[in-house]
Amino acid sequence: MAKKKMLASVSLDLDDKWSYMKVHGDAGWEKFPSYLDVVLPITLDALDRLGIKITFFIVGQDAAIEKNHAILKMIVDRGHEVANHSFHHESWLKTYSKEKIEAEIVIAEEAILKATGKRTNMFRGPGFSWSNDLLEVLQKRNYIFDASLLPTYISPLMRKYYFWKSKLSKEEKESRKELFGSFKESFYPLKPYNWKLPNKKDLLEIPVTTMPVFKIPFHQSYLIYISNISQGLMKMYLRFAIFMCKLTKTPPSYLLHPLDLIGSDHVPELAFFPGMNIQSEQKVKIFETAMTILKNNFELLPMGEFAERISKERKTIQL
Ligand SMILES: [Zn+2]
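Residues numbered from 1 in each chain as written. Predicted model: local features only at pLDDT ≥ 70, side-chain atom pairs only at ≥ 80, totals over all residues. Heavy atoms only, no water.

Section: the overall build of the protein
- If you tally the helices and strands in the protein, you get twelve helices and ten strands.
- The proportion of buried residues among the 319 residues of the protein is 58%.
- Counted over contacts in the protein with a minimum sequence separation of 6, partners at least 24 positions apart contribute 75%.
- Carbon and sulfur atoms provide 57% of the accessible area of the protein, an area that totals close to 13700 Å². (Helix = DSSP H or I, 4+ residues; strand = E, 2+ residues; numbered from the N terminus. Buried < 20%, exposed > 50% of the residue type's maximum accessible area, 1.4 Å probe, protein only. Contact = heavy atoms within 4.5 Å. Areas by Shrake-Rupley, 256 points an atom, 1.4 Å probe, with all protein chains shown as cover.)

This is the structure in structure tokens:
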């Protein structure tokens, strides 16, 4: 009998073209230019070829635009899950008041419901931004989990790189100073765990998995950067990350972004972004290579299904 595979979840943060322009400080983002009609067909076709269902974290602002409805509805029609990625996609969400956070979650939920026919009950903060108030709001609204944590040692480095490449003013940099999370984030567990909230209720946390022990990211964007050096090195890096997950019994939560599947041939405006020199066709190939390796090692599930299937015995962390 074949050995039972460990579970893993796969999700994609559907950050749109305008949200990258906004972080980068480019004019014109206020009109919400979109590439969803390009990236979604490519992504959904690739997922069909792989036979994988995943969770799409949708930004409410995109769902609020009527002309995006048909393409967003396609996610659900092709059997994937939809989840809430906030309304405005502001990585300083953690500085919002509790009221403002709740409003942000609710308007995104309503917009996504209108666009896709599904009410979301899973959340990931923009730029891995989260706060105690956020977790309390999610629990109150009966969300089944939060997925905003990125436990890594290198977020200060990632931030430096981003600012170095951006045209942001000093004030804008200040408001983005915790982009990619703060250093304390790196001490949280990689395995799913329960937050114990002040009202004594629990909320499941499914962090984005970084390499166990080393806590360096290995999601698809990182594999793309490494593939720029060598595909062999990329595969080795991924296989080592998988080995570490198995060794530490960490069921990975694997994260994808639109720019993992499209290059500057489709979005010349985002040529500043790392890895954009690689063309879309090549990116899809790299994606299929990585996903096939993951699929050979794990049973890949969308996050809602994953949350239902994982062991109920887990660590509790007092908020
Ligand atoms: Zn995002």
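Overview of the packing of helix H5 (residues 98–116) against helix H6 (residues 132–140)
- At a closest axis distance of 9 Å, the pairing of H5 and H6 adopts a crossing angle of 50 degrees. It follows that H5 is oblique to H6 by the angle criterion. Considering the relative orientation of H5 and H6, their crossing is right-handed. Mapping the contact onto sequence places Lys98, Ile101, Glu102 and Ile105 in H5 and Asp133, Leu134, Glu136, Val137, Leu138 and Lys140 in H6.
- Here the contact of H5 with H6 is composed, by residue class, of five nonpolar, no polar and five charged. (Axes fitted to C-alpha atoms, helices over the stretch in contact; angles between N-to-C directions. Parallel < 35°, antiparallel > 145°, perpendicular 65-115°, else oblique. Left-handed = near helix turned anticlockwise from the far one by under 90°. Nonpolar A, V, L, I, M, F, W, Y, C, P; charged D, E, K, R; others polar.)

Structural notes on the coordination of the zinc ion
- Coordination of the zinc ion by the protein involves Asp15 (OD), Asp15 (OD), His85 (NE2) and His89 (NE2), with metal-donor separations of 2.1 to 2.7 Å.
- Considering all four donor atoms around the zinc ion, the spread of angles at the metal, 53 to 135 degrees, places the coordination shape in the irregular class. (Donors = N, O, S within 2.8 Å, 3.2 Å for Na, K, Ca; no water. Tetrahedral: all angles 85-135°; square planar, octahedral: opposite > 155°, others 65-115°.)

Regarding the nonpolar core
- Ranked by size, the top nonpolar core spans 61 residues in total, and within it Leu14, Leu40, Phe56, Leu72 and Met291 carry the most contacts.
- What Met291 contacts, discounting residues up to four positions off in sequence, is Val10, Leu50, Ile52, Tyr254, Leu256 and Leu300.
- Counting 19 residues, the second largest nonpolar core, distinct from the first, contains Ile101, Leu135, Val137 and Tyr188. (Core = buried A, V, L, I, M, F, W, Y, C linked by side-chain atoms within 4.5 Å.)

Some thoughts on the pairing of strand S6 (residues 193–196)
- Pairing geometry for S6 and strand S7 (residues 202–205), over four bridges, is antiparallel. By the bridge assignment, Asn194 is partnered in S7 with Leu204.
- Counted between consecutive antiparallel strands, the loop separating S6 from S7 contains five residues, among which Lys200 sits at a positive phi close to 75 degrees.
- As paired elements, S6 and strand S10 (residues 316–318) share three bridges and run parallel to each other. By the bridge assignment for S10, Lys196 is matched with Gln318. (Pairing = 2+ DSSP bridges.)

Considering H6
- Listed as buried for H6 are Leu134, Leu135, Val137, Leu138 and Gln139.
- Elements that come into contact with the buried residues of H6 comprise H5, strand S4 (122–123), strand S5 (145–146), S6 and S7.
- In the stretch just after H6, Asn142 is the one whose phi turns positive, near 60 degrees.

Details of the pattern of salt bridges
- Applying the stated rule across the entire model yields 15 salt bridges.
- Its salt-bridge partner being Lys22, residue Glu90 comes within 3.3 Å of it at the nearest N-O pair. Of this pair, Glu90 sits in the loop between strand S3 (81–84) and H5 while Lys22 sits in helix H1 (residues 17–24), and the two are 68 residues apart along the sequence. Each member of the pair, Glu90 together with Lys22, is buried.
- Ionic pairing is found between Glu102 and Arg141, a salt bridge with its closest N-O pair at 3.9 Å. (Salt bridge = Lys/Arg side-chain N within 4 Å of Asp/Glu carboxyl O.)

Remarks on a nonpolar patch on the surface
- Residues Val213, Phe214, Phe240, Phe243 and Leu247 make up a contiguous nonpolar surface patch of about 510 Å² in total accessible area.
- Along the chain, Phe214 falls in the loop between S7 and helix H9 (220–229).
- Given the relative accessible area of 41%, Phe214 is considered partly exposed. (Patch = residues over 30% accessible without salt bridge, like charges linked within 9 Å, V, L, I, M, F, W, Y side chains within 5 Å.)

Quick notes on a positive patch on the surface
- Taken together, Lys3, Lys5, Lys246 and Lys295 make up a surface patch of like positive charges.
- Within the fold, Lys3 resides in the segment before strand S1 (6–13). (Lys, Arg positive; Asp, Glu negative; His and termini not counted. Charge placed at Lys NZ, Arg CZ, Asp CG, Glu CD.)

Structural notes on the environment of Tyr96
- Counting through the fold element by element, Tyr96 comes out in the loop between S3 and H5.
- In sequence terms Tyr96 and Leu134 are 38 residues apart; their C-alpha atoms lie 9.0 Å from each other.
- If near-sequence neighbours (up to four positions away) are discounted, Tyr96 is found in contact with Glu90, Ile101 and Glu104.
- Side-chain polar atoms of Tyr96 contact the side chain of Glu90, separated by 2.2 Å. (Polar contact = N/O pair within 3.5 Å; in protein donor to acceptor, adjacent residues only side chain to side chain.)

Considering the layout of surface pockets
- For the second largest pocket, the calculated volume is near 410 Å³.
- In terms of lining, the second largest pocket is formed by 17 residues, of which the most central are Pro192, Lys249, Pro251, Ile310 and Ser311.
- Here the residues of the lining of the second largest pocket are counted per class, giving seven nonpolar, one polar and nine charged. (1 Å grid on protein atoms, 1.4 Å probe; cavity = no way out; pocket = protein on both sides within 12 Å on 5 of 7 lines; lining within 4 Å. Points joined across faces, edges and corners; volume = space filled by probe spheres on them.)

Thoughts on empty space enclosed by the protein
- Tallying each qualifying case throughout the model produces one cavity of 30 Å³ or more.
- Space inside the largest cavity adds up to approximately 40 Å³.
- Taken together, Ser221, Ile224, Tyr225, Leu259, Asp260, Phe273, Pro274, Gly275 and Lys283 make up the full set of residues lining the largest cavity.
- Looking at which element gives the most residues to the lining of the largest cavity, the answer is H9, with three residues.
- Split by residue class, the lining of the largest cavity holds five nonpolar, two polar and two charged.

Shape descriptors only; they carry no functional weight alone.
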